[in-house]
Amino acid sequence: MRSVAVVGTGLIGTSIALALRGRGITPYLLDENPEAAHTAADLGAGVVGVPRTPVDLAVLAVPPQHVATSLHQQQVRGLAHDFTDVSSVKVRPQAEAAELGCDLARFVGGHPMAGREQSGPLAAQADLFRGRPWVLTPAESAGERVVGRATELAELCGARPVVMEPSQHDRAVALVSHTPHLVASLLAARLLHGDESHLQLAGQGLRDATRIAAGDADLWTDILSSNAAAVAEVLTELALELDAAVDALRELAEAPSAHGPTGRAHLNDALARGVRGRGLIQGRTSGGLSLSGVAAGT
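Just so you know, these numbers come straight off a predicted model, no measurement behind them.

## Let's talk about helix H5 (residues 144-156)
When the terminal C-alpha atoms of H5 are compared, their 18 Å separation across 13 residues agrees well with the 18 Å that a helix rising 1.5 Å per residue should span. Among the residues of H5, Val146, Arg149, Ala150, Leu153, Ala154 and Leu156 are the ones counted as buried. As for H5, its buried residues are in contact with helix H1 (11-21), strand S4 (55-60), strand S5 (80-85), strand S6 (107-112), strand S7 (133-138) and strand S8 (160-163). The first or second residue beyond H5 is Gly158, which carries a positive phi of 85 degrees.

Here you go:
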């Protein structure tokens, strides 16, 4: 792979372009917002404009709802021989691309599992993907060449390619990314009802729990909408546990002596299971729990 075009110069697209520049490849940068593309170019991410001949690989760094239309437009234009994307939802964009008549033999879905809560090209980092998983979701019709190029892209960016089924990917990110972001946002929104005297007591724990809520609201609406069924499933299970915790707390508040043992036991069990769950990801380097940065770009 000697030539690349990056369509969309937000956080993720620009970070990919910067990583490729560090490996000797100068990407062509395209964006509906010319200012964003020129900002990325000023950072050294590549050159603005459409290549005169098709590049080896085009990276569609656009939100999930625009992946299919972008793929169709760029294939009709003849931008590249092969295509991949970096959006955080895979099933729906691929289905929409098929409906539009896109050539899926030259397309591999991709999703780098890394990012920041900031958005835009100025937040980009060349080492953003170093050591992180980069999920690839090739369709059965995907050719060997495009799979190889998408894999090479991930490796050039310092990431670890991981192949998954599109539906498996979407269920996974619903658990480790999309639902956590929504929960963090709901928790952060409760702060709008706090008095200043309450907010001044906020410590690092609250900041850690709500950090990813700083992600772009419009983009996250797109992401959650595109993976709605999988997120709803996880959130439904969480809601049941929240209801049980509320019941235990109300019982303790109303009649601590009568319900104390049962209520305390339930709360202790919930907290203990949280400790065990946290232990499953403690020390992992995938960054999979926080896709706010990924979402900020895609």
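The discussion continues.
## Re the environment of Asp127
Inspection of the secondary structure assignment puts Asp127 in the loop between S6 and S7. Counting along the chain gives 75 residues from Asp127 to Arg52, while the straight-line C-alpha distance between them is 29 Å.

## Notes on the confidence of the model for the protein
Should the pLDDT be low somewhere, the predicted coordinates at that spot are not to be read in detail. Per-residue confidence for the protein averages 91 on the pLDDT scale, and 93% of its residues sit at or above 70. Contacts of residues 286-298 to residues separated by more than four positions or lying in other chains number 63 contacts, the stretch itself having pLDDT below 50.

## A closer look at the pattern of salt bridges
A complete count under the given rule lists 8 salt bridges for this structure. Its salt-bridge partner being Asp82, residue Arg145 comes within 2.8 Å of it at the nearest N-O pair. Within this pair, whereas Arg145 is found in helix H5, its partner Asp82 is found in strand S5, the two being separated by 63 residues in sequence. Assessed through its relative accessible area of 45%, Arg145 is described here as partly exposed. The buried category is assigned to Asp82, whose relative accessible area is 1%. Here Arg273 and Asp269 are joined by a salt bridge, their closest N and O atoms 3.0 Å apart.

## Side note on the packing of helix H6 (residues 166-190) against helix H10 (residues 228-254)
Two numbers describe how H6 lies on H10: the axes approach to 8 Å, and their chain directions differ by 60 degrees. Here H10 runs oblique to H6, going by the angle between their axes. At the point where H6 passes H10, the crossing takes the right-handed sense. Together, Asp170, Arg171, Ala174, Leu175, His178, Thr179, Leu182 and Val183 of H6 and Ala230, Val231, Val234, Leu235 and Leu238 of H10 make up the contact between the two elements. Residue composition of the contact of H6 with H10, grouped by class: 9 nonpolar, 2 polar and 2 charged.

## Considering the nonpolar core
Formed by 34 residues in total, the largest nonpolar core has its most connected members in Ile16, Val59, Phe129, Trp134 and Leu153. Of all elements in the fold, only strand S1 (4-7), H1, S4, S7 and H5 reach the threshold of two or more residues within this core. In this structure Val59 touches Val4, Ala5, Val6, Val7, Ile16, Thr84, Val86 and Leu153, once residues within four positions along its chain are discounted. Counting residues in each nonpolar core, the second largest holds 17 residues, with Leu30, Val55, Val67 and Leu79 among its members.

Rules behind the numbers
- Residues numbered from 1 in each chain as written.
- Predicted model: local features only at pLDDT ≥ 70, side-chain atom pairs only at ≥ 80, totals over all residues.
- Heavy atoms only, no water.
- Helix = DSSP H or I, 4+ residues; strand = E, 2+ residues; numbered from the N terminus.
- Expected span 1.5 Å × (residues − 1).
- Buried < 20%, exposed > 50% of the residue type's maximum accessible area, 1.4 Å probe, protein only.
- Contact = heavy atoms within 4.5 Å.
- pLDDT = per-residue confidence, 0-100.
- Salt bridge = Lys/Arg side-chain N within 4 Å of Asp/Glu carboxyl O.
- Axes fitted to C-alpha atoms, helices over the stretch in contact; angles between N-to-C directions.
- Parallel < 35°, antiparallel > 145°, perpendicular 65-115°, else oblique.
- Left-handed = near helix turned anticlockwise from the far one by under 90°.
- Nonpolar A, V, L, I, M, F, W, Y, C, P; charged D, E, K, R; others polar.
- Core = buried A, V, L, I, M, F, W, Y, C linked by side-chain atoms within 4.5 Å.

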